[in-house]
Amino acid sequence: MSPRRRILLVGVLALLVGYSLPGLEKWLLSWVWWRAQQVCDLPVPGLETACRAAGEFDALLPYLALLGLVVAAVAALWGAARWCLRPVRDLAEPVAHVGPQNLGYRIRPRGRDELARLARAIDEMMERISAGYEGQRRFAANASHELRTPLAVQRTLIEVGMARTLTGEQLDLLTAQLLQTNERNERLIEGLLALSESDQGLRSSTPQRLDEIAGAVLAAYADRAAEAGVTVESQLAPRVVPGERVLLERLVTNLVENAIKYNRPGGRLTVTVGGNPALTVVNTGQVVPAEAVAGLFEPFRRLARDRTNQSGGAGLGLAIARSITQAHEGIIAARPGEDGGLRVDVQLPGPH
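Residues numbered from 1 in each chain as written. Predicted model: local features only at pLDDT ≥ 70, side-chain atom pairs only at ≥ 80, totals over all residues. Heavy atoms only, no water.

**Student:** Whenever I open this one, the pairing of strand β6 (residues 331-336) confuses me. Can you help?
**Tutor:** Two faces belong to every sheet, and in a regular strand the side chains alternate between them. With six bridges joining them, β6 and strand β7 (residues 342-347) adopt antiparallel strand pairing. Across the sheet, the residue bridging to I331 is Q347, located in β7. Between β6 and β7, which follow one another and run antiparallel, lie five residues, and G340 among them has a positive phi close to 85°. (Pairing = 2+ DSSP bridges. Helix = DSSP H or I, 4+ residues; strand = E, 2+ residues; numbered from the N terminus.)

**Student:** I'm lost on helix α10 (residues 317-327) in this one. Help?
**Tutor:** Counting along an α-helix, one turn takes 3.6 residues, and residues three or four places apart therefore face a common direction. For α10, a buried count of nine out of eleven residues is recorded, marking the element as mostly surrounded by other parts of the structure. Remark: E329 follows α10 within two positions and exhibits a positive phi of approximately 60°. (Buried < 20%, exposed > 50% of the residue type's maximum accessible area, 1.4 Å probe, protein only.)

**Student:** Whenever I open this one, the confidence of the model for the protein chain confuses me. Can you help?
**Tutor:** Caution applies to low-pLDDT parts of the model: their predicted coordinates are not meant to be read in detail. Across the protein chain, the average pLDDT comes to 77, with 73% of residues at 70 or higher. Here helix α3 (residues 47-55) is the element of the protein chain with the lowest mean pLDDT, 58, and strand β4 (residues 268-273) is the one with the highest, 95. The model gives residues 305-311 a pLDDT under 50, and that stretch makes 17 contacts with residues more than four places away or in other chains. (pLDDT = per-residue confidence, 0-100. Contact = heavy atoms within 4.5 Å.)

**Student:** Could you clarify how one ought to interpret the pattern of salt bridges in this entry?
**Tutor:** Should their charged atoms come close, side chains of opposite charge can pair. Within this structure, the stated rule accounts for ten salt bridges. Between R209 and D211 there is a salt bridge, and its shortest N-O distance comes to 2.7 Å. Judged by its relative accessible area of 31%, R209 falls in the partly exposed class. Put simply, R209 and E212 hold a salt bridge, and the shortest N to O gap is 3.6 Å. (Salt bridge = Lys/Arg side-chain N within 4 Å of Asp/Glu carboxyl O.)

Right under this line is the structure:
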């Protein structure tokens, strides 16, 4: 029986008992007098004297009867309340034992009453917790893998250098490879730190000119775009957004850097700052399947390895961009570009 029906039943019974309480009191007094008369009529020595002494307290009997009824009513209501709340206790017991070892547990209730809706809400909450826990576990595993690979390469290069005497040319090549691997580790650690910082939210929020930030980032990446053979186009209308300048710079930088890396020689990069969306970054790289777009925002997720810029990113660019956008109470979305590549739209709130 659902909690609603149990409470309704108890309420009806309480009304009936309350309505019949005066009659119950009279019946109880009559029953006590009748039983007392039967007891006093017994041929027991000294009983008649005791009955006469007890008769002096006849005026207290109605109060004693009422007190007994109240005590009985409270006990009944206590038991009825426990009976009504028993489904909640039955629900709380399995939930209390849920932990990291059994995040797959689901209640899967039946019915449409309040308790069933609560159980379904708990199941949905468990789905989100499980997804978040799995995402953290996958993130840790991917981060370990990303760090393990260059460290293994470094170890191999060092062992090779120690195992034999190298010529000057071989030493230069070994040094260059070690430097390249070390730079990759630095980029990965820097990306992880940036992702962790953006996940913590904003330390402060002040009005920032997004168009000026985008212009500064494009100026800094002009040479890199020219080396990659990418034409840069920009439409930067004045736009003020509340937030942290450092994080907004990182947001624009990641999107521009990805748009260059995943572009093609002779391709185009278009950056637009306006009203809604506040920021749009479009490139003309390889064709991106629509079903793969959402996964690009996950850490360490890459579409392909063939990039115009062979610097070898860590796969954290769009994940950091999403985290920064969420920290600024905005929305970031992407879709395949019309000429290949990716179009990323960032919606940010206006100044308060």
